[in-house]
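Report on the structure
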Amino acid sequence: QVQLAESGGGAVQPGGSLRLSCVVSGITVDEYAIGWFRQTPGKEREAVGCISSAFGRTYYADSLKGRFAVSRDNAKNTVYLQMNNLQSEDTALYYCAAGPLAILHPTAYNYWGQGTQVTVSS
């Protein structure tokens, strides 16, 4: 059974940083692409970034390049999302997902976690 579990969310002030973790079980992170997405009420789920399976290449939404970074630890079967200089517009429920290809679109992913809330507020 494939499971993805996000953690690391919370409340942070503008300009702060958070690192989210996505612990994966049932598959390995070097065989599946892992993507990060976020969603706010009333809006569609949007891509944040992803990491490819074989070579660990990373891809990001244009608006987030330079502030967000995806990495992975194969030994821990875990993928991370480092978020820096957070702003109020980054407030959202953040999800990780696994799929066959590193594509910045939610339809490319088969397995999803339950999400972790990030709130940026002063």
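Residues numbered from 1 in each chain as written. Predicted model: local features only at pLDDT ≥ 70, side-chain atom pairs only at ≥ 80, totals over all residues. Heavy atoms only, no water.

Further remarks concern the overall build of the protein chain. In terms of helices and strands, the protein chain carries zero helices and eleven strands. For the protein chain, the α and β elements follow one another from N to C terminus as β-β-β-β-β-β-β-β-β-β-β. Computed over C-alpha atoms, the radius of gyration of the protein chain comes to 13 Å, within 12% of the 14 Å expected from 2.2 N^0.38 for 122 residues, which places it in the range of a compact globule. Projecting the C-alpha coordinates of the protein chain onto the three principal axes gives extents of approximately 40 × 30 × 25 Å. Buried residues in the protein chain amount to 42% of all 122 residues. If you take every contact in the protein chain between residues at least 6 apart in sequence, the share linking residues at least 24 apart comes to 56%. Carbon together with sulfur atoms contributes 47% to the accessible area of the protein chain, which is approximately 6300 Å² in total. For the protein chain, the distance from the average site of its 9 positive side-chain charges to the average site of its 9 negative ones is 3 Å. (Helix = DSSP H or I, 4+ residues; strand = E, 2+ residues; numbered from the N terminus. Rg over C-alpha atoms; globule rule 2.2 N^0.38 Å. Buried < 20%, exposed > 50% of the residue type's maximum accessible area, 1.4 Å probe, protein only. Contact = heavy atoms within 4.5 Å. Areas by Shrake-Rupley, 256 points an atom, 1.4 Å probe, with all protein chains shown as cover. Lys, Arg positive; Asp, Glu negative; His and termini not counted. Charge placed at Lys NZ, Arg CZ, Asp CG, Glu CD.)

Residues Ile-34, Trp-36, Phe-68, Val-79, Leu-81, Met-83 and Tyr-94 are the most contacted members of the largest nonpolar core, which totals 27 residues. Grouped together as the second largest cluster of nonpolar side chains are six residues, Phe-37, Ala-47, Cys-50 and Tyr-109 included. (Core = buried A, V, L, I, M, F, W, Y, C linked by side-chain atoms within 4.5 Å.)

Relative to the helices and strands, Leu-101 is located in the loop between strand 9 (92-99) and strand 10 (111-112). With 13 residues separating them along the chain, Leu-101 and Ser-88 place their C-alpha atoms 30 Å apart. The contacts of Leu-101, once residues within four sequence positions are left out, are Ala-33, Ala-108 and Tyr-109.

Attention now goes to the environment of Trp-36. Examined against the element boundaries, Trp-36 turns out to sit in strand 4 (residues 33-39). Here the alpha-carbon distance between Trp-36 and Ser-21, two residues 15 residues apart in the chain, equals 10 Å.

Attention now goes to the state of the cysteines. All told, the structure shown has one disulfide when counted by the stated rule. Disulfide partner of Cys-22: Cys-96, at an S-S distance of 2.1 Å. On the sign convention where negative is left-handed, the bridge of Cys-22 and Cys-96, at about 75 degrees about the S-S bond, is right-handed. Of the two residues, Cys-22 is situated in strand 3 (residues 18-25) and Cys-96 in strand 9; the sequence distance between them amounts to 74 residues. Owing to a relative accessible area of 0%, Cys-22 belongs among the buried residues under this scheme. (Disulfide = S-S within 2.5 Å.)

For the rest of this paragraph, the subject is unusual backbone geometry. Phi at Asn-77 takes a positive value of approximately 50 degrees, unusual for a residue other than glycine. Its relative accessible area of 13% is what places Asn-77 among the buried residues. With a phi angle near 50 degrees, Asn-85 is a residue other than glycine that sits in the positive phi range. In this structure, Asn-85 sits in the loop between strand 8 (78-83) and strand 9. We classify Asn-85 as partly exposed; its relative accessible area is 41%.

Any functional reading would require information that these geometric values do not contain.
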